[in-house]
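# Results of the structural survey
Single-letter residue listing:
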Amino acid sequence: MTTNLLLVEDNTELAGSLGDYLSEVGFDVDYAFNGKSCLELIKANKYDVIVMDIMMPIKDGLTACSELRENYHIDTPLIFLTARDSLDDKLKGFSSGCDDYLVKPFAPEELVCRLNALRNRGKIKNLNQQTIGDLKIDHQLSHVYRKEVNIDLNNVEFKILAILAQYAPESVSSTRIEDMLWPDGTPGSDPLRIYIYRLRQKLDKPFKSSLIKSVHGKGYRLAVPN
């Protein structure tokens, strides 16, 4: 079985030698030399795995990976191949959406082993994603979409939505929500009502049906429209 691989590396000498090796062991290799061209290729072609450098001209690997995941929703397994070896660098890599991270210098055999593991795993369902009617919530990335429209929420608004989604379709008391948001005590005067109002303006007002329902004497709930 042929594995279609995109190698994104601005060092042409390394890209050539690594590409030759990967071709010899059974990969069908395509090349990009910066993040911008890589995005263009990925949108136009189907790849089984992606190998990407981080430090590249025009558009770096972290930015390119983030755009693949967030803007184009492409979930092709991706491994970063980079000289950046600090823990902070690795955390940034995984936060941008990569599936694996290999530090240069490396043994080509190890890269092949990791690529085979990613290929065999394939595209798996993101267990951090939740769908309620026409609402999609990515709890890992803190992204929210309704009817495929991105809803920009601040941190508190997202937490409120996540709490309601956790208990949906059951209601959650205002006291329970406040305790989860502000364990050290509620700031100000009735802030939850203000945040619920703002959340409704973003999540419900632009659409024909409302998802956030007030439950008299109980609190709020997230409902699927009929």
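You'll find the structure just up there.
For clarity, every value in this text was computed on a predicted model and none was experimentally measured. (Residues numbered from 1 in each chain as written. Predicted model: local features only at pLDDT ≥ 70, side-chain atom pairs only at ≥ 80, totals over all residues. Heavy atoms only, no water.)

## So, the environment of E70
By the secondary structure assignment, E70 is in helix 3 (residues 61-70). Residues E70 and D190, spaced 120 residues apart in sequence, show a C-alpha to C-alpha distance of 34 Å. Once you skip the residues sitting within four places of it in the chain, E70 turns out to touch H143 and Y145. (Helix = DSSP H or I, 4+ residues; strand = E, 2+ residues; numbered from the N terminus. Contact = heavy atoms within 4.5 Å.)

## Here's the deal with unusual backbone geometry
With an omega of -10°, the peptide bond running from K104 to P105 counts as cis. Topologically, P105 is positioned in the loop between strand 5 (100-103) and helix 5 (108-121). Cis geometry is found at the peptide bond from A168 to P169, where omega equals 5°. Among the structural elements, P169 can be located in the loop between helix 6 (155-167) and helix 7 (174-181). A positive phi angle, close to 60°, is found at S142, a residue other than glycine. Along the polypeptide, S142 turns up in the loop between strand 7 (135-138) and strand 8 (143-146).

## Focus: the pattern of salt bridges
Taken as a whole and judged by the stated rule, the model has 14 salt bridges. Between R193 and D190 there is a salt bridge, with the nearest N and O atoms lying 3.2 Å from each other. Given the relative accessible area of 35%, D190 is considered partly exposed. The structure contains a network of salt bridges with shared partners spanning D134, R146, K147 and D204. (Salt bridge = Lys/Arg side-chain N within 4 Å of Asp/Glu carboxyl O. Buried < 20%, exposed > 50% of the residue type's maximum accessible area, 1.4 Å probe, protein only.)

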